[in-house]
Amino acid sequence: MGDGDRQEMLIVTGMSGAGRSTVADALEDLGWYVVDNLPPQMLRPLVELVERAGASLPRIAAVVDIRGGDFFSEFRDIVQALRAGVNVRVVFLDAGDAVLVRRFESVRRPHPLQGDGTLLDGITAERSRVAGVREASDIIVDTSDLNIHQLANLVTDTFAEADRAGLQVAVQSFGFKYGVPADADLVADARFLPNPFWQDELRPLTGEDQRVSDYVLEQPGAREFLDAYVEALRPVLEGYQRENKRHAMIAIGCTGGKHRSVAMVRELAARLRSIPGLAVSVKHRDLGRE
């Protein structure tokens, strides 16, 4: 049976408070069969059930988290074994410590690992316990700056039936002064180019304006970088597809995420769209933040 004929399973995991329930609800709206709070050791029997059901239950999502207790320590080995017979993708939801503390305080609930300590103690303990799972995940989503509606829309964009074929590549601009995106697979730096900010006529504009785009792309090294970067990305993206990785985030940063990175992301996305098998989208994380 080829990869395209195998049953598909999505495992949703990550930090408590990072949005697993929102993702589960969004997947159900897309027609996935969702099982919440599943111990990792129950994944294999669940897969067997899916295989017996055949086409009547083609896609299943399991929410697995720290509530599984000691079972969670076996998560990585179990997932690796499942990959031999099922198209398994692991989505890890994360958020900054301060954001997680604020979310727990807003609902007045303790962290599952808090015990007699503080919320931050529980978050720190959980982050240590899930570090290996995060490293082995196929998709990492940082929900720090997303509300529940934005997160649901992201799930729809990523897992809608119409977008299942090929590799989905999100090309995102950002500002280094606001931090490097935690969910980026590949990060490039556009700060080697002159900053349009210092041009009075360009300062109020953004990289989406043609004048700024022309200014950035006409600088020495800009097009040469894009030519070389696309060629460097080809074997990486082909390898992702061979490894059944369905989603990749390529981030390009500049100082504030307003001019250079935006222009470079738009041009890089246009070039990547010429590569067969890729579904390319563009995001500008920090545009309008200044």
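Since the model is a prediction, treat every value here as computed from it, not as a measurement.

**Focus on the overall build of the chain**
Part 1 of the argument: Summing up its helical and strand segments, the chain has ten helices and nine strands in all.
Part 2 of the argument: When each of the 290 residues of the chain is scored for burial, the buried share is 49%.
Part 3 of the argument: Taking the intrachain contacts of the chain between residues at least 6 apart in sequence as the baseline, contacts between residues at least 24 apart amount to 79%.
Part 4 of the argument: Put simply, the chain shows about 14100 Å² of open surface, and 49% of that area lies on carbon and sulfur atoms.

**Overview of the environment of Arg76**
Part 1 of the argument: When you line up the elements, Arg76 lands in helix 3 (residues 75–82).
Part 2 of the argument: Relative accessible area serves as the criterion here: at 43%, Arg76 is assigned to the partly exposed category.
Part 3 of the argument: For the pair formed by Arg76 and Pro40, sequence separation is 36 residues and the distance between their alpha carbons is 9.0 Å.
Part 4 of the argument: If near-sequence neighbours (up to four positions away) are discounted, Arg76 is found in contact with Gly132, Val133 and Ala136.

**Re unusual backbone geometry**
Part 1 of the argument: Even without being a glycine, Arg108 presents a positive backbone phi close to 55°.
Part 2 of the argument: Looking at the element boundaries, Arg108 is found in the loop between helix 4 (97–107) and helix 5 (119–129).

**Description of the pattern of salt bridges**
Part 1 of the argument: All told, the structure shown has eleven salt bridges when counted by the stated rule.
Part 2 of the argument: Arg271 is paired through a salt bridge with Glu267; the nearest N and O atoms lie 3.1 Å apart. In this pair, Arg271 and Glu267 both sit in helix 10 (residues 260–272), four residues apart, roughly one turn of the helix.
Part 3 of the argument: Residues Arg289 and Asp286 are paired through a salt bridge, measuring 2.9 Å at the closest nitrogen-oxygen approach.
Part 4 of the argument: For Asp286, a relative accessible area of 1% puts it in the buried group.
Part 5 of the argument: Shared partners join several salt bridges into a network, and the residues in it are Asp94, Asp97, Arg127 and Arg134.

**Considering the pairing of strand 1 (residues 8–14)**
Part 1 of the argument: Of all seven residues that make up strand 1, seven are buried, and the element is covered over most of its length.
Part 2 of the argument: Neither face of strand 1 is open: one carries Glu8, Leu10, Val12 and Gly14, the other Met9, Ile11 and Thr13, and all of them are buried.

**Some details on the confidence of the model for the chain**
Low pLDDT means the predicted atomic positions in that stretch should not be read closely.
Part 1 of the argument: Here the chain shows a mean pLDDT of 86. Residues at 70 or above account for 90%.
Part 2 of the argument: Ranking the elements of the chain by mean pLDDT puts helix 2 (residues 43–53) last with 74 and strand 7 (residues 186–189) first with 97.

**A word on the packing of aromatic side chains**
Part 1 of the argument: A complete count under the given rule lists four aromatic pairs for this structure.
Part 2 of the argument: For the pair Phe197 and Trp198, a centre-to-centre distance of 4.9 Å together with 90° between the ring planes defines the contact as edge-to-face.
Part 3 of the argument: What makes Phe197 partly exposed here is its relative accessible area of 30%.
Part 4 of the argument: Overall, Trp198 belongs to the exposed group, its relative accessible area being 61%.
Part 5 of the argument: By the ring-pair criterion, three or more aromatic residues cluster together here, those being Phe192, Phe225 and Tyr229.
Part 6 of the argument: Sitting over the face of the ring of Tyr178, Arg289 holds its NZ or CZ atom 4.2 Å from the ring centroid.

**So, helix 5**
Part 1 of the argument: For helix 5, every residue scored as buried is listed here: Leu119, Gly122, Ile123 and Glu126. The buried residues of helix 5 occupy one face: seen down the axis, they fall within an arc of 100°.
Part 2 of the argument: Looking at the buried side of helix 5, the elements it contacts are strand 1, helix 1 (20–29) and helix 4.

**With respect to the packing of helix 8 (residues 210–217) against helix 10**
Part 1 of the argument: Helix 10 packs onto helix 8 with a crossing angle of 85° between their chain directions and a minimal axis gap of 9 Å. One way to sum up the angle between helix 8 and helix 10 is to call them roughly perpendicular. Where helix 8 approaches helix 10, its residues Ser213, Val216 and Leu217 are matched on the opposing element by Arg260, Ala263, Met264, Arg266 and Glu267.

About the cut-offs
Residues numbered from 1 in each chain as written. Predicted model: local features only at pLDDT ≥ 70, side-chain atom pairs only at ≥ 80, totals over all residues. Heavy atoms only, no water. Helix = DSSP H or I, 4+ residues; strand = E, 2+ residues; numbered from the N terminus. Buried < 20%, exposed > 50% of the residue type's maximum accessible area, 1.4 Å probe, protein only. Contact = heavy atoms within 4.5 Å. Areas by Shrake-Rupley, 256 points an atom, 1.4 Å probe, with all protein chains shown as cover. Salt bridge = Lys/Arg side-chain N within 4 Å of Asp/Glu carboxyl O. pLDDT = per-residue confidence, 0-100. Phe/Tyr/Trp six-rings, centres within 6.5 Å; stacked < 30°, edge-to-face > 60°. Lys NZ or Arg CZ within 6 Å of the ring centre and 35° of its normal. Arc of directions from axis to C-beta. Axes fitted to C-alpha atoms, helices over the stretch in contact; angles between N-to-C directions. Parallel < 35°, antiparallel > 145°, perpendicular 65-115°, else oblique.

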